[in-house]
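The primary structure of each chain is shown beneath.
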Amino acid sequence: MISLTNLIETKREQLFYLGKVYGLTHPKTIQCSQQLDVLINSSLKKQSTEIKLQANF
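Residues numbered from 1 in each chain as written. Predicted model: local features only at pLDDT ≥ 70, side-chain atom pairs only at ≥ 80, totals over all residues. Heavy atoms only, no water.

Caption draft 1: Focus on the side chain of Thr29. Positionally, Thr29 belongs in helix H2 (residues 27-55). With a relative accessible area of 3%, Thr29 lands in the buried category. Beyond its immediate chain neighbours, meaning those up to four positions away, Thr29 contacts Leu15, Leu18, Gly19, Tyr22, Gly23 and Leu24. (Helix = DSSP H or I, 4+ residues; strand = E, 2+ residues; numbered from the N terminus. Buried < 20%, exposed > 50% of the residue type's maximum accessible area, 1.4 Å probe, protein only. Contact = heavy atoms within 4.5 Å.)

Caption draft 2: Quick peek at the side chain of Lys11. Structurally, Lys11 is set in helix H1 (residues 4-22). Side-chain polar atoms of Lys11 contact the side chain of Gln14, separated by 3.0 Å. Among the polar contacts made by the side chain of Lys11, one reaches the side chain of Gln35 at a distance of 2.7 Å. Filtering out sequence-adjacent residues up to four positions away, Lys11 remains in contact with Cys32, Gln35, Leu36 and Leu39. (Polar contact = N/O pair within 3.5 Å; in protein donor to acceptor, adjacent residues only side chain to side chain.)

Caption draft 3: Just H2, in detail. Helix length check: H2, at 29 residues, gives a terminal C-alpha distance of 42 Å against a target of 42 Å (1.5 Å per residue), a fit within 8%. Residues Thr29, Cys32, Leu36, Leu39 and Ser43 constitute the buried set of H2. Lining the buried residues of H2 we find H1. (Expected span 1.5 Å × (residues − 1).)

Caption draft 4: Geometry of the packing of H1 against H2. It is the contact of H1 with H2, at a shortest axis distance of 9 Å, that shows an interaxial angle of 160°. By the angle between their directions, the pair H1 and H2 is classed as roughly antiparallel. Where H1 crosses over H2, the two elements pack in a sense that is left-handed. Here Leu4, Leu7, Ile8, Lys11, Arg12, Gln14, Leu15, Leu18, Gly19 and Tyr22 of H1 lie close against H2, whose contacting residues are Lys28, Thr29, Cys32, Ser33, Gln35, Leu36, Leu39, Ile40, Ser42 and Ser43. Split by residue class, the contact of H1 with H2 holds ten nonpolar, seven polar and three charged. (Axes fitted to C-alpha atoms, helices over the stretch in contact; angles between N-to-C directions. Parallel < 35°, antiparallel > 145°, perpendicular 65-115°, else oblique. Left-handed = near helix turned anticlockwise from the far one by under 90°. Nonpolar A, V, L, I, M, F, W, Y, C, P; charged D, E, K, R; others polar.)

Caption draft 5: Main features of the pattern of salt bridges. Counting across every chain of the model gives one salt bridge. Salt-bridge contacts for Arg12 lead to Glu9; the nearest nitrogen and oxygen are separated by 3.4 Å. Remark: Glu9 and Arg12 occur in helix H1; sequence separation between them is three residues, near one turn of the helix. Residue class for Glu9 comes out partly exposed when judged on its relative accessible area of 36%. (Salt bridge = Lys/Arg side-chain N within 4 Å of Asp/Glu carboxyl O.)

The structure is reproduced here in structure tokens:
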């Protein structure tokens, strides 16, 4: 099973590549950046939930 951290790192590498090849304002680069944002936000939300759960113990 692929972890969220691995997905983020893979998407980050893809974003770097697309930015180099197509430029930072190309639709492919922007779409990849938005996908990375979603993954990062999911990770932060998961971490926040875990911290809240630990605080309840």
